[in-house]
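Structure assessment
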Amino acid sequence: MKWKNVIFKSESAWFGTKEASEIADQVVLYQRNSGGWPKNIEMHHALTNDDKKKLEQLKTENKGSTIDNGATTQELIFLHKVYAHFPKESYKKAIISGLNYLLEAQYQNGGWPQFYPLQKGYYTHITYNDDAMVNVLKFLQDITNHKDQYAFLTETHFQNIQTAFDKGINCILATQYKQNGLLTAWCAQHDENTLEPAKARAYELPSLSGYESANIVLLLMSLENPSYEVINAVNHAVYWFQNTQLPKTKFEAVYAEDGSLKDKIVVQTKEVNPIWARFMDLQTNAPFFCGRDGVKKDSLSQIDWERRTGYAWYTNLPEKVLVKYDNWLKNKVLNTKEKGKNQFQKVVAQDGSGDYKSIQDAIDDSPSFPYERVTILIKNGVYKEKIKVYEWNPNITLVGESREQTIIYFDDYFDKINLGRNSTFHSYTMLVEADDTVLKNLTIANTSGEVGQAIALSVTSNRVKVVNCNLLGNQDTLYASGNGNQLYSNCYIEGTTDFIFGNATALFENCEIHSKSNSFVTAASTDKDAKFGFVFQNCKLTADENLHKVYLGRPWRIYAKTVFMNCTLGSHILPEGWNNWSKPDAEKESFYAEYQNSGPGSDLKNRVEWAHQLSAKEAKKYTKETIFSESKSINKPWFQID
């Protein structure tokens, strides 16, 4: 039996046997004076007298103490199980020493290195690999949840353990990787200073990990009364797991006739549960593989046999997360029937499993001008609602269970409203008047069709963040207005004419802007004294087939400001680029500019003479901090709030 199986698969009564006590004596002998244990040792195997003498000498060297491969935490678990039957002073002392080792090894930022005392190289990274840090946190969590079983510890110990655990959770939240502004998962190791994904061995490149991320999420899901940040982290990770699974894919071993391992291959098959790659690209989520040469490859077959057969390249562990997710939402997050309604965490579900069936009801029942953020989780469903987030509902987050399946729609339009010349502004599906609003993982649509002005999303407030959303409509899809700042990240926005319009200072990053007719993308009405209007960075402009007469923008008001930077412009964009909307003054007063765009629509030779091309110096001014210079935040900037 393997050492790990002795610890975790032995019957509880066995730990009260003489054999278990004798093994515990050996475990104490293996412990270094640092308090930690070395890894990959079968500590239950009998020791000779010479072996014992060597271990006594190794104690003072303090080499090899680690949390890798379950080391230290599993020895502490074993000793504690034996101590319950044999309360020897040596066992208690070893447990306390091991616990102190874990607390001392923790970085100030909450992470743990693989080895402590520190060893040079990748060993200093914050280590999630093979569940190293998760194992430590689970051990600390177990002590906190079973204080009566650790009665020999002092109150100071318990306080330090709780502090270390909280710091560890905060480190997990801080290291969750953002991809185009959207939280995803974790790398197997993160730099201890920058917290960015980091390289370990030659074949362990910076990546997003299907395996390690799953156990991190399972740990977060085990927390009682999870905070908004924890809920947010889990929701995003689950969304990432859902979108990175490999259905109908199987990783299997191939054996020779003599029973020896011949190869490991990937096959496509219908009847199999999904799997996930161990390593995924930080930007594209594409699986990749690597041999000891450190060269990234697209397929498993491209790397050498030794690495191909000697590493766990795939995992099914995220399936466990997905299976548990719905019950976690119901029992840990939103069990309001038993715990009483939480005014800061609400759920909308059409099937009645949440707190409300209507999104508007959840908003209306939220506290006015709250001191902390209100989070409303909207379960998958198609909601026909006309929604208003009132001015007195700031600090509110509306987050969908999934972008494609949480759909909010309505079908008002100018003539249907019939309130005169300003009927457009009443045609919205969703109106956001509240400052500090966050919208995530939603599809917001105006389904009235091509009937004239019909707004899907209207935002008239300040410090509003829209992330990973679909905004669907035709003419006037998005009204981005007001005197405030707005951020649209990783969104899909479609329409026909002027489908992004208004006077807000709005940054669009990593969005797809899709034209459905030969017309105009933007119609800014920027205020005269505003430094910035609409800014598009790293966006992709696409169109329906056979479109080839689309303008980047025209001025709704003569001081319009619109800039496209590092964007991909499709062939549907006209060579002249911009239109003055029959307003000669706009050619002098507006500011339309481009910088380092690409694609067939980016050719500048025939652009209108009154458009601008930014210099490298001018382009450097277009940072979030500069664009949103008017925003104020006591802590981190509003656009960094998840």
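Let us look at the structure shown here. (Residues numbered from 1 in each chain as written. Predicted model: local features only at pLDDT ≥ 70, side-chain atom pairs only at ≥ 80, totals over all residues. Heavy atoms only, no water.)

**Quick look at the sheet that holds strand β14 (residues 387-389)**
Two orientations exist for strands paired in a sheet by backbone hydrogen bonds: parallel and antiparallel. Read from one edge to the other, the open sheet built from seven strands follows the order β14-β17-β20-β23-β26-β29-β32, with strand pairing classed as parallel. With one partner strand each, in any of the chains shown, β14 and β32 (551-553) form the two edges of the open sheet. Pairwise comparison of adjacent strand axes, ignoring direction, gives a mean angle of 15° for this sheet. Looking at chain direction, strand β26 (residues 500-502) and strand β29 (residues 520-524) are connected through three bridges and run parallel. Within the sheet, the bridge partner assigned to I500 lies in β29 and is T522. (Pairing = 2+ DSSP bridges. Helix = DSSP H or I, 4+ residues; strand = E, 2+ residues; numbered from the N terminus. Axes fitted to C-alpha atoms, helices over the stretch in contact; angles between N-to-C directions.)

**Details of the pairing of strand β24 (residues 485-489)**
In terms of residue burial, β24 counts as a mostly covered element, since five of its five residues are buried. Residue alternation in β24 divides its side chains into two sets, N485, L487 and S489 and Q486 and Y488, and both sets are buried. In this sheet, β24 lies alongside strand β21 (residues 464-467) in parallel orientation, the contact comprising four bridges. Paired with V467 across the strands is S489, a residue of β24. When β24 meets strand β27 (residues 505-509), the two strands line up parallel, connected through five bridges. When the bridges of β27 are listed, Q486 appears paired with A506. (Buried < 20%, exposed > 50% of the residue type's maximum accessible area, 1.4 Å probe, protein only.)

**Things to note about the pattern of salt bridges**
When the charged atoms of two side chains lie near each other, side chains of opposite charge can form a pair. Counted according to the given criterion, the structure contains 24 salt bridges. Its salt-bridge partner being K88, residue D25 comes within 3.5 Å of it at the nearest N-O pair. Within this pair, whereas D25 is found in helix α2 (residues 18-30), its partner K88 is found in the loop between α4 (73-83) and α5 (89-105), the two being separated by 63 residues in sequence. Residue classification places D25 among the partly exposed positions, given a relative accessible area of 35%. Salt-bridge contacts for K384 lead to D411; the nearest nitrogen and oxygen are separated by 3.6 Å. Remark: D411 occurs in the loop between β16 (406-410) and α14 (414-417) and K384 occurs in strand β13 (residues 381-384); sequence separation between them is 27 residues. A relative accessible area of 45% means that K384 is categorised as partly exposed. The exposure class assigned to D411 is partly exposed, which follows from its relative accessible area of 22%. Among the charged side chains, a salt-bridge network with shared partners connects K384, K386, D411, D412 and K416. (Salt bridge = Lys/Arg side-chain N within 4 Å of Asp/Glu carboxyl O.)

**Examining the packing of aromatic side chains**
A complete count under the given rule lists 35 aromatic pairs for this structure. On the basis of an interplanar angle of 85° and a centroid distance of 5.2 Å, the ring pair of F115 and Y123 is categorised as edge-to-face. Between F279 and W313, the ring centres sit 5.8 Å apart and the planes meet at 70°, which makes this aromatic pair edge-to-face. Of this pair, F279 sits in the loop between β7 (276-277) and β8 (289-290) while W313 sits in the loop between α10 (305-309) and β10 (314-315); the two residues are 34 residues apart in sequence, bridging distant segments of the chain. A relative accessible area of 3% means that F279 is categorised as buried. Taken together through their ring pairs, the aromatic side chains of Y203, F251, F279, F288, F289, Y311, W313 and Y314 make up a single cluster. (Phe/Tyr/Trp six-rings, centres within 6.5 Å; stacked < 30°, edge-to-face > 60°.)

**Points about the packing of α2 against helix α3 (residues 49-61)**
In the contact formed by α2 and α3, the axes pass within 8 Å of each other and the chain directions differ by 40°. One finds that α2 runs oblique with respect to α3. Residue-level inspection shows V28, L29 and Y30 of α2 in contact with α3, the latter providing K52, L55, E56 and K59. A class-by-class count of the residues in the contact of α2 with α3 yields four nonpolar, no polar and three charged. (Parallel < 35°, antiparallel > 145°, perpendicular 65-115°, else oblique. Contact = heavy atoms within 4.5 Å. Nonpolar A, V, L, I, M, F, W, Y, C, P; charged D, E, K, R; others polar.)

**Regarding unusual backbone geometry**
With an omega dihedral of 0°, the bond running from Y116 to P117 counts as a cis peptide bond. Residue position: P117 is located in the loop between α5 and β1 (126-127). For N441, which is not glycine, the phi dihedral falls at a positive 55°. Residue position: N441 is located in the loop between β18 (437-440) and β19 (443-446). With a phi close to 55°, N468 is a non-glycine residue in the positive phi region. Tracing the backbone shows N468 in the loop between β21 and β22 (470-472).

**Quick look at the sheet that holds strand β28 (residues 512-515)**
The strand order across the open sheet built from eight strands is β13-β16-β19-β22-β25-β28-β31-β34, with neighbouring strands paired in parallel fashion. The open sheet has two edge strands with one neighbour each: β13 and β34 (568-569).

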